[in-house]
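Residue-level listing of the chains:
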Amino acid sequence: MTTPRLTIGSATHDDFEGVYFSYQALRLANPELLDELEFIIIDNNPSSSEGKATKDFCKKAKMKYFAEPRWKSTAVRDLIFEKATAPFTLSMDSHVLFEPDGIKRLLAFLEERPETNDLFHGVMMYDSLHGLGASSMKPEWRDAMFGTWNHEEKAKDREAEPYEIPLHGLGCFACRTEAWAGFSPLFKGFGGEEGYIHEKFRQRGDTTWCLPFLRWVHRFQRPRGVTYELRDEDRVRNYALGWLELGKPMAEILEHFAEARPNVQTATIIAEARNQWNDFKKNPEATVALVHEKPKEELAPAIKFPEKGGLQYWHTTNVGFANPIEVNIFGRLLSFSKASCTWSIR
């Protein structure tokens, strides 16, 4: 068998039709690349009728299928990168379609940058397929989520140069497989990854890009409903754990959810997340084993534990001055009585 040049994978939960049509579209549109593409499905509900149908389809289509019934989280997308054998990996939602030649162009682009450590996104088009698509997200809070769609004129031209963006939705993203920064293994449930993973790349010195030529559509409608839990409490917890890892202030989470979801006990959840984060730093395998509901011996080898050098921890130190420090900045005298510094040891 030819060594794959690109792995394409999805995490799914009761979405057989999405998996079927998304991956058949990929296979039909790229016949000349089929022997060089590796397809991976991570199934978060393999025992359901949809899960069984998905497994059967993967067998017939010669796609790799992995069941993950215990760690219920959108962060199981980490397993796509763990299982990938190609030098580059594209993660996509299980209900995404690409424009013709999108995958071919992405592969050529990546192979021209064999040592890249950056993260790459495309342009999400809307159902009309006309007008400006979502080319990035703005780093702002709305409706219990971090990140709002941004539509940039410069992404309208497919042939425009790639450009740096702060963050994007995670329906479609790609990077060199070994450069994947990894989601927090403490995440559970839905949400918390947008902005978090982009800042994680940024803090280690890498860049997130929009590739205007990579255009895709995402099916948002689920007329039969969803069978996985969508809990605001999970979202708060994931944001808190992610912000703790990145050294970002909890205040913005508290402020936003107090307004957007006043019935959620945000402060209590953040306190619990802080305790779990401290437990994780002391005994990472045991803490993750509880989250993933499996013995330590069964944890994915790709999980980045602190003693293995995978995670960089940030700390905040507050300092008070006995006597205020005065600083002259452009003719204006500023006085400081205390300071806060966020730092880490690499």
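One can find the structure itself at the top, above this paragraph.
Residues numbered from 1 in each chain as written. Predicted model: local features only at pLDDT ≥ 70, side-chain atom pairs only at ≥ 80, totals over all residues. Heavy atoms only, no water.

Hey, could you run me through the nonpolar core in this one?
Generally speaking, a soluble globular protein has its nonpolar side chains buried in company with each other. The biggest cluster of nonpolar side chains holds 45 residues, and the ones touching the most others in it are Trp180, Phe183, Ile197, Trp243 and Ile253. Once you skip the residues sitting within four places of it in the chain, tryptophan 243 turns out to touch Trp141, Phe146, Tyr196, Lys248, Pro249, Met250, Glu252 and Ile253. Leu26, Leu37, Phe88 and Leu211 belong to the second largest nonpolar core, which has 33 residues in total. (Core = buried A, V, L, I, M, F, W, Y, C linked by side-chain atoms within 4.5 Å. Buried < 20%, exposed > 50% of the residue type's maximum accessible area, 1.4 Å probe, protein only. Contact = heavy atoms within 4.5 Å.)

How should I be thinking about the packing of aromatic side chains in this particular structure?
Two descriptors summarise a pair of aromatic rings, namely the distance from one centre to the other and the angle between the planes of the rings. Applying the stated criterion across every chain, the model contains 20 aromatic pairs. Centre to centre, the rings of phenylalanine 146 and tryptophan 243 are 5.5 Å apart; their planes meet at 85°, and the pair counts as edge-to-face. Placement of the pair is phenylalanine 146 in strand 8 (residues 145-150) and tryptophan 243 in helix 6 (residues 232-246), with a sequence separation of 97 residues. In this structure, phenylalanine 146 and tryptophan 243 share a single accessibility class: buried. (Phe/Tyr/Trp six-rings, centres within 6.5 Å; stacked < 30°, edge-to-face > 60°. Helix = DSSP H or I, 4+ residues; strand = E, 2+ residues; numbered from the N terminus.)

For this particular structure, what's the right way to read unusual backbone geometry?
Residues apart from glycine generally show negative phi values, whereas peptide bonds are mostly found in trans. Although it is not a glycine, lysine 62 sits at a positive phi angle of roughly 60°. Structurally, lysine 62 is set in the loop between helix 2 (49-60) and strand 3 (64-67). Backbone geometry at aspartate 101 places phi at a positive 70°, although glycine is not the residue there. When you line up the elements, aspartate 101 lands in the loop between strand 5 (96-98) and helix 4 (102-111).

What is the right way to look at the pairing of strand 4 (residues 88-92) in this model?
Here is the key point about a regular strand: its side chains alternate between the two faces of the sheet. In terms of burial, strand 4 is a largely internal element, five of the five residues being buried. Of the strand pairs in this sheet, strand 1 (residues 6-12) and strand 4 are connected by four bridges, and their pairing is parallel. The residue of strand 4 that forms the bridge with threonine 7 is threonine 89. As defined by bridge partners, strand 4 adjoins strand 10 (residues 172-176) across five bridges and the pair is classed as antiparallel. In the sheet register, threonine 89 faces strand 10, and the bridge partner there is cysteine 175. (Pairing = 2+ DSSP bridges.)

For this particular structure, what's the right way to read the side chain of serine 10?
Tracing the backbone through its elements, the reader meets serine 10 in strand 1. The exposure class of serine 10 is buried, given its relative accessible area of 0%. Here the side chain of serine 10 touches methionine 92 through a polar contact of 2.7 Å, landing on its backbone oxygen. Every residue in contact with serine 10, bar those within four places of it in the chain, is listed here: Tyr23, Ile40, Ile41, Ile42, Ile80, Met92, Asp93 and Ser94. (Polar contact = N/O pair within 3.5 Å; in protein donor to acceptor, adjacent residues only side chain to side chain.)

Looking at this structure, I do not really get helix 5 (residues 196-203). What am I missing?
Because the α-helix completes a turn every 3.6 residues, residues three or four places apart line up on one side. The buried count for helix 5 comes to seven of eight residues, which makes it a mostly enclosed element. Within helix 5, burial applies to Tyr196, Ile197, His198, Glu199, Lys200, Phe201 and Gln203. Just past helix 5, the residue glycine 205 takes up positive phi, approximately 100°.

Looking at this structure, how should I read the packing of helix 6 against helix 8 (residues 266-282)?
Helix packing for two helices is described by the angle between their axes and how far apart those axes are. Their axes nearest at 9 Å, the elements helix 6 and helix 8 cross at an angle of 45°. With respect to their mutual orientation, helix 6 and helix 8 come out oblique. Crossing angle aside, the handedness with which helix 6 passes helix 8 is right-handed. In this structure, helix 6 uses Glu233, Val236, Arg237, Ala240, Leu241, Leu244 and Glu245 to contact helix 8, whose residues at the interface are Thr266, Ile269, Ile270, Ala273, Arg274, Gln276 and Trp277. Here the contact of helix 6 with helix 8 is built from residues that sort into eight nonpolar, two polar and four charged. (Axes fitted to C-alpha atoms, helices over the stretch in contact; angles between N-to-C directions. Parallel < 35°, antiparallel > 145°, perpendicular 65-115°, else oblique. Left-handed = near helix turned anticlockwise from the far one by under 90°. Nonpolar A, V, L, I, M, F, W, Y, C, P; charged D, E, K, R; others polar.)

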